[in-house]
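Architecture at a glance
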Amino acid sequence: MSRLTRRGFIATGSAVGAVLASPTIVRAQGKVTVGMAWPGMQDAVWSTSHKLLNEFAAASDTEIELVFTAADMDVAKQASDANDLISRGVDVLLVFPIDSKAISSSVKRARDAGIPSMAFLRQVHADARDQADVFVGIDAKYQQLSSARTVFEKMNADGAEISEVLWVSGDIRDENSRLRGVGLQEACDEYGATIAQDLVGNWDPQQAAAALAPALKAYPNINHISVASDVMMSGVRQVLQDAGKWAPHGDENHMYLSSVDVFPIGLELLRSGHLDADTIFDVTGMCRTAVELMPRLAAGETFDSDVLIQGPVFTPANVDDPEMQAQLWAT
Amino acid sequence: MRERLVQARNLGLAYGFYFLLLAIVIVFTAISNSFLTVSNWTQIAIASTFLLSAAAGLTLVLINGEIDLSIGSIAYVAATVVFLTSDMPATVSIVAALLTGLAIGLFNGWLVAYLGMNSLLTTLGLMIAYRGVALVFTEGTVKQTGEGLALLGSVKLLGTIPAIFFVALAIVLIFQWILRGTRLGTYWLAIGNNEESARKIGVPVRRAKLAAYALCGISAAVSGTLLAAYLGEITTFTGRGMEFQAVAAVVIGGASLFGGRGNVFPGTLAGVLLLIVINNGLGTRGVSPFVYPFVAGSLIFLAIYLDAIKNRDVRSVS
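Note that the structure is a prediction, hence the values are computed from the model and not measured.

What counts, and at which threshold
- Residues numbered from 1 in each chain as written.
- Chains lettered and ligands numbered in written order.
- Predicted model: local features only at pLDDT ≥ 70, side-chain atom pairs only at ≥ 80, totals over all residues.
- Heavy atoms only, no water.
- 1 Å grid on protein atoms, 1.4 Å probe; cavity = no way out; pocket = protein on both sides within 12 Å on 5 of 7 lines; lining within 4 Å.
- Points joined across faces, edges and corners; volume = space filled by probe spheres on them.
- Nonpolar A, V, L, I, M, F, W, Y, C, P; charged D, E, K, R; others polar.
- Helix = DSSP H or I, 4+ residues; strand = E, 2+ residues; numbered from the N terminus.
- Domains from an automatic or database assignment.
- Contact = heavy atoms within 4.5 Å.
- Buried area = accessible area lost by both parts, 1.4 Å probe.
- Pairing = 2+ DSSP bridges.
- Axes fitted to C-alpha atoms, helices over the stretch in contact; angles between N-to-C directions.
- Buried < 20%, exposed > 50% of the residue type's maximum accessible area, 1.4 Å probe, protein only.
- Lys, Arg positive; Asp, Glu negative; His and termini not counted.
- Salt bridge = Lys/Arg side-chain N within 4 Å of Asp/Glu carboxyl O.
- Polar contact = N/O pair within 3.5 Å; in protein donor to acceptor, adjacent residues only side chain to side chain.
- Core = buried A, V, L, I, M, F, W, Y, C linked by side-chain atoms within 4.5 Å.

Some remarks on empty space enclosed by the protein
It is the rolling of a water-molecule-sized probe over the atoms that shows where space remains empty. Inspection of every chain in the model, using the stated rule, returns three cavities of 30 Å³ or more. Taken as a whole, the largest cavity encloses approximately 70 Å³ of empty space. As for the largest cavity, its lining consists of Q206(A), A209(A), A210(A), A213(A), Q43(B), I46(B), A47(B), F50(B) and Y230(B). Grouping the constituent residues of the lining of the largest cavity by class yields seven nonpolar, two polar and no charged. Counted as a void, the second largest cavity has a volume near 50 Å³. Going through the elements one at a time, α8 (205–218) of chain A together with α2 (38–63) and α12 (264–284) of chain B are the ones with two or more residues in the lining of the second largest cavity. Among the residues forming the lining of the second largest cavity, the class breakdown is five nonpolar, three polar and no charged.

Details of the domain arrangement of chain A
Residues and elements named next belong to chain A. Under the domain assignment, chain A is made up of domain 1 (2–138 + 281–309) and domain 2 (141–280 + 317–323). Relative to domain 2, the C-alpha centre of domain 1 lies at a distance of 31 Å. With five residues of domain 1 in contact, the opposing surface of domain 2 contributes seven residues. Between domain 1 and domain 2, a total of about 600 Å² is buried, with carbon and sulfur atoms accounting for 50% of that surface.

Quick word on the sheet that holds strand β7 (residues 164–169) of chain A
Residue and element names in this part refer to chain A. Overall, mixed pairing links the six strands, which are arranged β8-β7-β9-β10-β11-β13 in an open sheet. Strand pairing shows two members of the sheet lacking a second neighbour, β8 (194–200) and β13 (313–314), which therefore form its edges. The pairing of strand β9 (residues 224–227) with strand β10 (residues 256–261) spans three bridges and is classified as parallel. Each residue of the ladder has a partner; that of I225, found in β10, is L257. Sheet strands touched by helix α7 (residues 175–191): β7, β8, β9 and β10. Its angle to β7, the strand with the most contacts, is close to 170°.

Considering the side chain of R131(B)
For R131(B), the location among the structural elements is in helix α5 (residues 119–138). Buried charge R131(B) goes without a salt bridge, the closest partner of opposite sign being E243(B) at 5.7 Å.

Examining the interface of chain B and chain A
If you look at the interface, chain B gives 30 residues, while chain A gives 30 residues. Summing both partners gives a buried area of about 2,600 Å² for chain B against chain A, and 58% of it is carried by carbon and sulfur. When residues of chain B are sorted by the area they lose upon contact with chain A, Y230(B), L231(B) and F237(B) head the list and together hold 22% of the total. Across the contact surface, chain B and chain A share one salt bridge. Between D242(A) and K156(B) there is a salt bridge, with the nearest N and O atoms lying 3.2 Å from each other. If you list the elements that add at least two residues to the side of chain B that touches chain A, you get α2, α5, α10 (205–231) and α12 of chain B. Broken down by element, the side of chain B that touches chain A gets its largest block of residues, six residues, from α2(B). In terms of residue class, the side of chain B that touches chain A is built from 13 nonpolar, 13 polar and four charged.

With respect to the side chain of E301(A)
Residues and elements named next belong to chain A. Positionally, E301 belongs in the loop between α11 (283–298) and β12 (306–309). Judged by relative accessible area, which is 10%, E301 ranks as buried. A distance of 2.7 Å separates the side chain of E301 from the side chain of R296, its partner in a polar contact.

Some words on the nonpolar core
As a rule of thumb, soluble globular proteins bury nonpolar side chains together. L60(B), F175(B), W188(B), L274(B), L275(B) and V277(B) are the most contacted members of the largest nonpolar core, which has 97 residues in total. Beyond its immediate chain neighbours, meaning those up to four positions away, L275(B) contacts L51(B), Q245(B), A248(B), A249(B), I252(B), Y292(B) and A296(B). One finds L145(A), W167(A), A193(A) and L199(A) within the second-largest nonpolar core, a separate group that totals 55 residues.

Rendered as structure tokens:
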């Protein structure tokens, strides 16, 4: 049984708010020391979340000290980092797993030492016996579902044919990439479309381009490409330019594009009309929620639900709304 | 009869991967209408460009019997220099990136040739260190290149083929000329065959190796610069995993992991093309993405196995 099914999950800002406003909150007294076992700093999300967690911790009513370790994508080092943090006697262990299964042993050690743990962004694998006490992450399935759904709606409004979609996925070993694929499949099912081909981009624009170029030849009538992250969008743009299919909405050569993350290139392409929908990767909301839960976790509060953050969908029509702009973190 | 079998075996060992490349092209052409088209081969050329320019320099190092696993990180560092100079003219960015590649290549070469450090372990460590340096400057985020460089990256020659591919091709041809047409190339082959003997006959082993690493650093920097120009941005994925793909392409192209044998042209070019064509061809047929790693991995295994057979033959003759 999946962890989501077993424990249920909370999504959307209001639901998160409900958890945060729970009357059964037991407040921790004094300073809370949180040990962070991070995968590294090589990725924009990793480095930004580290920065934002520090900012929210500094602004918190409770004094929160974050003790940071980075494993440089080394699974063994992350386990060692987690052990060091446990030995140091932190109040909460915050893990951003490199390997969803391997991290389970660190979670168990923390529990044996009486230290609650929080998984951040990447869940401890559903099959693992020892789960973190709470998971704070992004609703990855919703991200792709909402983005693709927005594009299908737009295609309907334009009278464009909805049939096949090319899916430029992330890393085949990455749970977030897989969930985004599930979200796209759900959107396709809703609108009677099919995924023509899964093109693995490995979150790398060069690999995305190498995979997309031949697929465009194989499916010359494709009119919708869904991309797992804006990080691969520069590769997609190059291939579409080379294929003569890079045109803004309204042009007969326009290729409908849905994507996720709302990175600077996504904003630029939304404004130019080349990108039709982009669901934000709400790192800000995730970090804020994680910091709010830290004192409660340290005080012994238990959580029945995962906390999954759902960000809004950016479109060419709303991209410059002040309300939407306030949610940006990657610019 | 036995003689013919031996001849056929030697022919297969020497040219097997060229035949395989030809066979794969024929098969994909037969099963996919879109494979043998100008636009598809333009895409193959683009996809080959970045790996080709990096693998060309690595070929020279491998021929010396050494290795450089830091090429992907050098590419990232060079791309980072492009970002740091993005408000300057494109030529300044390019020169700065190439000089950075040269400096890193010289440093790697100095460690290996003059300090006698193990090239595998040294460059493995430096691969992590160089990437770390680049991450400090990029903060792990996507950075834009200057408009001038992005414009250069979009220049097309002969109607459709991006100019960046011709840059990579020029590097291949220049390196092949150095390898086969100059004394330095002869030194490299001699060092790779037997370093001690080369030293005894007066080959300046340390300087020759230093030169190979310097050229390798430049070619890796070219790869990073071309990728930044093509995409118009620098991501943390620049050059990631490139070293292993490059080693695979070089070995598939006939260079020996033990040194003393190999060519940049047509060897490494064919090795790169083989990897890219398989990826492209499977893509045009809509094959599952899980198949490519299996096919590419099998091919790399086969190349290394054949390399071991060839070296066993050489050892038994000597």
